[in-house]
Amino acid sequence: MEISQGGDDSYQKKFALPVDSEHKSTEFRLFSVAAPHMRAFHLSWISFFACFVSTFAAPPLLPIIRDNLDLTATDIGNAGIAAVSGAVFARIAMGTACDLFGPRLASASLTLLTAPAVYCTSIANSPVSFLLVRFFTGFSLATFVSTQFWMSSMFSARVVGTANGVAGGWGNLGGGATQLIMPLVFDLIHHIGATKFTAWRIAFFIPALFQSLSAYGIFFLGQDLPDGNYSKLHKSGDKHKDNFSQVFYHAVTNYRGWILALTYGYCFGVELTIDNIIAQYFYDRFNVNLHTAGIIAASFGLANLFSRPGGGMLSDLMAKKLGMRGRLWTLWIVQTLGGVFCILLGKVGSLGVSIAVMLIFSVFVQAACGLTFGVVPFVSRRSLGIISGTTGGGGNVGAVLTQVIFFRGSRYSTETGLTLMGVMIICCTLLITLIHFPQWGGMFCGPSSKTTTEEDYYMSEWNSAEKEQGFHKASLKFSENSRSERGKRIGSAPTPNNRTPDTHV
Amino acid sequence: MIEMDCQPLEIAFFLPHCLEVLEFGKQCTDGFSWVSSCFVLAFVLGGYLLWCYLLFSSGHSYCHCFTSTTPSLKAGEDKITVTWALNTSFPAGIDSAYKTIKVKLCYAPISQQDRAWRKTVDNLKKDKTCQHKIVAKPYSSSNNTFTWTVQRDVPTATYFVRAYAHNSADEEVAYGQTTDSHKSTNLFEVQAISGRHMSLDVASVCFSAFSIVSCSGSSTWKEKGQGIPNKVM
């Protein structure tokens, strides 16, 4: 069980926050920057925020860029799809990289390697080059996976939903903030004396520099695990360097990862789609001016300040009382309600009501993102990175799918597209009912049997040869700490077979 | 400054009723009744087409280069000289309501394709055809001319020039344009500035190279066992 007062103090003294047996923090103190836990939190959300700002830096400046580069509406639509499609496979690759090399190196490297795409946006001179820079800049959205992986490595089961939700939400905030930041930067540069067609190019240096600096921050100030970096721990033998094919096999054979990937496409994917189309929707349907449309678009993304973290906290709160089943039920309810409000958004015809519905819709859809990553850390311990990456990649697949089906060409008007997207959200979210953990149960069924334990589930990822060499020890500790996912039934926990009784019960 | 090697463009004005062509349902502003307006409209359109035919076939007041290729102007460098006058075939006094002339650069249909932000809409308040102002001047019935350097924020596209006459309430009451009603003749192109500068190109490349080099440098540094201390309070 978890360490609390009077527990083993010898390693407690080394950390500023209270920790469990894996040295993961059991508390989430937002305004602390204590290393390694809270420092990792702040470094990861800031760099993810920077990547989001870069990826969505073009949309608010499109009225200028489309004239400079002679873009058509088709070019703009294709570039928007390219921006979110790059990250589909990058997120899966990032998950693998986190499992093998650690989140610090993986995220700092990707952020630095995609910064050139942002710098080169300044020298784009045609629709093709514009599409390419948006495509490669979009790869940086894979830092989402390293953020979630890092939080799952630094924070215990009790607070992992909150940590993942706040880090993810504050990072996603970049998509809203950029709609305000980029026009401001552009105006400033334009007033200093640059022509419009030069000012927007100079403006792109700001997100690029921000992105580079955040990468250096992670590299120099962060560490992978509470006990140190992967390379150091690999050398000292405290952490064994895992086998990629085994990690990959256990990720792809776990059906829960695939279901969560699909359902994440209908909360986060929908959020990305809305980021791309909502300003134009309000501009065209309600005839507001461009500045107003931009502010409305920004407010959708800015709701991430509290809505996604709120989803994560709600997940942890429900887990305290109802365990994993509570997390699953809450996720299904919140995401379905998001679908309902999406249907409504396409139906309302007045500006004020439409903005109100959009804001409510944003809260539910972003909370569903936070709730999803309250469940993901428990799907697998060994292959956490790839599962996180697949789920994250599924989000981007959802964004590509919804834009291609509903918001491209003139088959559907935007309002019809929104309504149909809402229907699709509700249908795909039904898959959550199929998720079942043998040790905790699912939405409709309890645990498989009274004697199935967390150890049984997580140890099934290791074969006996690996267990003999002791590679499974981290998973073992995780199993013990995840017993809180039983909810109020913790007191009646069965003793695991072939192990000494847990002394902390 | 490079002068365009063409004769000045000439624009004529129409009677007020021409606004019905531009804007669906907008009221006539000179008080004529509906029925007589329709008849006069038909006459005016016919008269305009005839006038255009005469103008272009007579060989004066249009650029020789229009007959073969579409002329191309460079934004920020080349100039357009616009000359306009009231078409003398219309009755005297028709221009009593005209107070201001606004001359604008307008997108030709080929540059409006797949670009909803340049769409032509009958309701002038929502019309996005003419987005670049050349000049706004008080109205006078003759000797109107203006030389305009194509501004640096004009995008690459195919254009024509249109002039609107506004009354004292700033409503459009008449117009004239350098092309026909299908907007297919007498068009010209503008080549925009790229907005790129050598210094920007160099900066982009240098910063990009530095990012990539520092990334691989960091990985190598990691291999040598450097890193921050494990436990920091």
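Residues numbered from 1 in each chain as written. Chains lettered and ligands numbered in written order. Predicted model: local features only at pLDDT ≥ 70, side-chain atom pairs only at ≥ 80, totals over all residues. Heavy atoms only, no water.

Caption draft 1: Local environment of the overall build of chain A. When its secondary structure is counted, chain A shows 22 helices and 2 strands. Against the compact-globule benchmark of 23 Å for 505 residues, chain A has a radius of gyration of 23 Å, which places it among compact chains. Reported as C-alpha extents along the three principal axes, the dimensions of chain A are approximately 70 × 45 × 40 Å. A total of 505 residues make up chain A; the buried ones form 63% of that total. Within chain A, contacts between residues at least 6 apart in sequence are counted, and of these 77% link residues at least 24 apart. Here chain A contributes 37 positive and 29 negative side-chain charges, whose respective centroids are spaced 2 Å apart. (Helix = DSSP H or I, 4+ residues; strand = E, 2+ residues; numbered from the N terminus. Rg over C-alpha atoms; globule rule 2.2 N^0.38 Å. Buried < 20%, exposed > 50% of the residue type's maximum accessible area, 1.4 Å probe, protein only. Contact = heavy atoms within 4.5 Å. Lys, Arg positive; Asp, Glu negative; His and termini not counted. Charge placed at Lys NZ, Arg CZ, Asp CG, Glu CD.)

Caption draft 2: Representation of the packing of aromatic side chains. All names here are of chain A. Counting across every chain of the model gives 42 aromatic pairs over all chains. Consider the rings of Trp-200 and Phe-204, whose centres lie 5.8 Å apart with planes at 85°: the pair is edge-to-face. Across the pair, exposure class does not vary: Trp-200 and Phe-204 are buried alike. Judged by centre distance (5.5 Å) and plane angle (75°), the ring pair of Tyr-281 and Phe-282 falls under edge-to-face. A residue is classified by how much of its surface remains accessible, and Phe-282, at 0% relative accessible area, is buried. Here the aromatic cluster, defined as three or more aromatic residues joined through ring pairs, consists of Phe-28, Phe-41, Trp-45, Phe-49, Phe-155, Trp-170 and Phe-210. (Phe/Tyr/Trp six-rings, centres within 6.5 Å; stacked < 30°, edge-to-face > 60°.)

Caption draft 3: Layout of the pairing of strand E7 (residues 157-166) of chain B. All names here are of chain B. Of all 10 residues in E7, 10 are buried, a share of seventy percent or more. In E7, alternate side chains face the same way, and those of Ala-157, Tyr-159, Val-161, Ala-163 and Ala-165 on one face and Thr-158, Phe-160, Arg-162, Tyr-164 and His-166 on the other are all buried. Direction of pairing for strand E4 (residues 100-107) relative to E7: antiparallel, over a ladder of 8 bridges. Looking at the pairing, Leu-105 lines up with Val-161 of E7. Both E7 and strand E8 (residues 172-177) contribute to a ladder of 5 bridges, which runs antiparallel. By the bridge assignment, Ala-163 is partnered in E8 with Gly-176. (Pairing = 2+ DSSP bridges.)

Caption draft 4: Region of the structure containing a nonpolar patch on the surface. On the surface, A:Trp329, A:Ile333, A:Leu337, A:Val340, A:Leu344 and A:Phe444 cluster together into a nonpolar patch covering about 500 Å² of accessible area. Inspection of the secondary structure puts A:Leu344 in helix H16 (residues 307-347). (Patch = residues over 30% accessible without salt bridge, like charges linked within 9 Å, V, L, I, M, F, W, Y side chains within 5 Å. Areas by Shrake-Rupley, 256 points an atom, 1.4 Å probe, with all protein chains shown as cover. Salt bridge = Lys/Arg side-chain N within 4 Å of Asp/Glu carboxyl O.)

Caption draft 5: Structural view of the pattern of salt bridges. Overall, the coordinates contain 13 salt bridges over all chains when judged by the stated rule. Taking the shortest distance from any N to any O, the salt bridge between B:Arg115 and A:Asp70 comes out at 3.0 Å. Linking B:Arg115 in the loop between E4 and strand E5 (130-138) with A:Asp70 in the loop between helix H3 (62-68) and helix H4 (73-101), this pair reaches from one chain into another. Judged by its relative accessible area of 8%, B:Arg115 falls in the buried class. By relative accessible area, which is 29% here, A:Asp70 ends up partly exposed. Among the salt bridges present, the one from A:Arg486 reaches A:Glu454, with a minimum N-O distance of 2.7 Å. Highlighted residues: A:Arg486 in the segment after helix H22 (473-481) and A:Glu454 in helix H20 (residues 454-459), separated in sequence by 32 residues. You can call A:Arg486 buried: its relative accessible area is 6%. Classification of A:Glu454 by relative accessible area gives buried; the value is 0%. What you see here is one network of salt bridges that share partners, running through A:Glu454, A:Glu455, A:Arg483 and A:Arg486.

Caption draft 6: Up close: the environment of A:Asn289. You can see A:Asn289 is positioned in the loop between helix H14 (268-286) and helix H15 (290-302). With 100 residues separating them in the primary sequence, A:Asn289 and A:Ile189 have C-alpha atoms 22 Å apart.

Caption draft 7: Layout of the interface of chain B and chain A. Across the contact, 41 residues belong to chain B and 50 residues belong to chain A. Of the roughly 3,900 Å² buried between chain B and chain A, counting both surfaces, carbon and sulfur atoms make up 59%. Taken together, the links from chain B to chain A amount to 3 salt bridges. B:Asp153 is paired through a salt bridge with A:Lys196; the nearest N and O atoms lie 3.8 Å apart. The tally of links between chain B and chain A comes to 13 residue pairs in polar contact (both at pLDDT 80 or more). At 15 residues, the largest contribution of residues to the side of chain B that touches chain A is made by helix H3 (residues 198-223) of chain B. (Buried area = accessible area lost by both parts, 1.4 Å probe. Polar contact = N/O pair within 3.5 Å; in protein donor to acceptor, adjacent residues only side chain to side chain.)

Caption draft 8: Examining the environment of B:Thr88 more closely. If you trace the backbone, B:Thr88 turns up in the loop between strand E3 (79-85) and E4. B:Thr88 sits 77 residues away from B:Ala165 along the chain, and the two C-alpha atoms are 16 Å apart.

Caption draft 9: The state of the cysteines, seen in detail. Under the counting rule described, the total for this entry stands at 1 disulfide over all chains. Lacking any disulfide linkage, A:Cys51 is separated from the closest cysteine sulfur, that of B:Cys215, by 13 Å. Free cysteine: A:Cys120, not disulfide-bonded; nearest cysteine sulfur from B:Cys206 at 11 Å. For A:Cys120, a relative accessible area of 25% translates into the label partly exposed. (Disulfide = S-S within 2.5 Å.)

Structural measurements only, silent on function.
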